[in-house]
Amino acid sequence: MSHTFGIRQTQKLKTRQALLDAALRLLEHQSLSSLGLREVTRAVGVAPAAFYRHFTDLAELGVALVEEALGSLHGLVADLLAETGDAELRITRTVDLIARHVRAQPAHFRFVARERHGGSSRVRAAIATQLDSFTVEVARAFAAEPGSQGWTEEDLRMLAGLYVEHMVLTASAFLSAYETESGGDPAADEREVGRVARNRLRLITLGRRHWLEDDTFRSRD
């Protein structure tokens, strides 16, 4: 009995993943709000009713795609933040991490970029929750660093938000570089995106070092 149950569970997981993969392919050129459930099940070769064994609706499927795209990055970002002492090395590795993941999963990041401000409120909320979680993790890591002595919790959260928003913008820029139309030079575009991203992180890092030196721009509204 347990062997049969195991086989069924394995098949169920395979079908669920097939639905996710098919939806992601279909979402290459359309938004989640325009995607039809029957399109997805037809692409997998299952009956529409089978969809509901895995997801209550397409919005829940979209939330699962958000988790696939961003959920696995938490551990990698934590490893990056654990590397203290060499700001330039952290900057380089951060940009390399973004480039590597966007290159490996362009469809996932394209989906997140499109749906972050898209039609499904549940998917927007899922993306916002993931990004907020990154911000909390980055702020916590910064708080433990010697350079953050004297920083308020609010300011650390603001700094972390700058880093996270920078990662999002850089991911979108890399996506655009990889999608350069014929006649362009994707490799050159990628290098330029990386150069600009590193310089922006250097600027944020420089601002961080001098934030407490002058309170002229730190007034509270």
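To start, this report covers the structure provided alongside it. (Residues numbered from 1 in each chain as written. Predicted model: local features only at pLDDT ≥ 70, side-chain atom pairs only at ≥ 80, totals over all residues. Heavy atoms only, no water.)

Comments concerning the overall build of the protein chain
For the protein chain, the helix and strand inventory stands at ten helices and zero strands. The N-to-C order of helical and strand elements in the protein chain reads α-α-α-α-α-α-α-α-α-α. Relative to its 221 residues, the protein chain shows a buried fraction of 38%. Counted over contacts in the protein chain with a minimum sequence separation of 6, partners at least 24 positions apart contribute 66%. The distance from the centre of the 28 positive side-chain charges to the centre of the 30 negative ones in the protein chain is 7 Å. (Helix = DSSP H or I, 4+ residues; strand = E, 2+ residues; numbered from the N terminus. Buried < 20%, exposed > 50% of the residue type's maximum accessible area, 1.4 Å probe, protein only. Contact = heavy atoms within 4.5 Å. Lys, Arg positive; Asp, Glu negative; His and termini not counted. Charge placed at Lys NZ, Arg CZ, Asp CG, Glu CD.)

With respect to the packing of helix H9 (residues 153-178) against helix H10 (residues 186-210)
Where H9 meets H10, the axes come as close as 9 Å, and the angle between the chain directions of the two elements is 170 degrees. Between H9 and H10, the angle falls in the class roughly antiparallel. Residues Leu159, Leu162, Tyr163, His166, Thr170, Ala173, Phe174, Ala177 and Tyr178 of H9 pack against Pro186, Asp189, Glu190, Val193, Gly194, Ala197, Arg200, Leu201, Ile204, Thr205 and Arg208 of H10. Along the lines of polarity and charge, the residues of the contact of H9 with H10 split into twelve nonpolar, four polar and four charged. (Axes fitted to C-alpha atoms, helices over the stretch in contact; angles between N-to-C directions. Parallel < 35°, antiparallel > 145°, perpendicular 65-115°, else oblique. Nonpolar A, V, L, I, M, F, W, Y, C, P; charged D, E, K, R; others polar.)

A short note on the packing of aromatic side chains
This structure, assessed with the given rule, holds five aromatic pairs. For the ring pair phenylalanine 51 and phenylalanine 55, a centre distance of 5.6 Å and an interplane angle of 45 degrees mean the geometry is tilted. In this pair, the class of phenylalanine 51 matches that of phenylalanine 55, namely buried. Geometrically, the ring pair formed by tryptophan 151 and tryptophan 211 is tilted, given 6.3 Å between the ring centres and 35 degrees between the ring planes. (Phe/Tyr/Trp six-rings, centres within 6.5 Å; stacked < 30°, edge-to-face > 60°.)

Here's the deal with the environment of leucine 20
With respect to the secondary-structure elements, leucine 20 resides in helix H1 (residues 2-26). Put simply, leucine 20 and arginine 90 are 70 residues apart on the chain and 33 Å apart in space, counted from C-alpha to C-alpha. Apart from the residues within four sequence positions on either side, leucine 20 is in contact with Phe55, Leu61, Ala64, Leu65 and Glu68.

Re the side chain of arginine 110
Assignment of secondary structure puts arginine 110 in helix H7 (residues 106-115). With residues up to four places along the chain from it excluded, the contact list for arginine 110 reads Glu28, Leu175 and Glu179.

So, the pattern of salt bridges
Evaluated as defined, the whole model comprises nine salt bridges. Arginine 195 is the partner of glutamate 192 in a salt bridge, and the nearest nitrogen-oxygen pair spans 2.7 Å. Of this pair, glutamate 192 and arginine 195 both sit in helix H10, separated by three residues, roughly a single helical turn. Take glutamate 192: its relative accessible area is 37%, and that puts it in the partly exposed class. One salt-bridge network, held together by shared partners, links Arg90, Glu145 and Arg208. (Salt bridge = Lys/Arg side-chain N within 4 Å of Asp/Glu carboxyl O.)

Looking at helix H5 (residues 73-82)
Within the span of H5, buried status applies to Leu73, His74, Val77, Leu80 and Leu81. Taken end-on, H5 shows its buried residues confined to a sector of 120 degrees, consistent with a single buried face. Looking at the packing, one finds that the buried side of H5 touches helix H4 (58-71), helix H6 (87-104), H7, helix H8 (121-143) and H9. (Arc of directions from axis to C-beta.)

So far we have only geometry, and geometry alone does not tell us how the molecule works.
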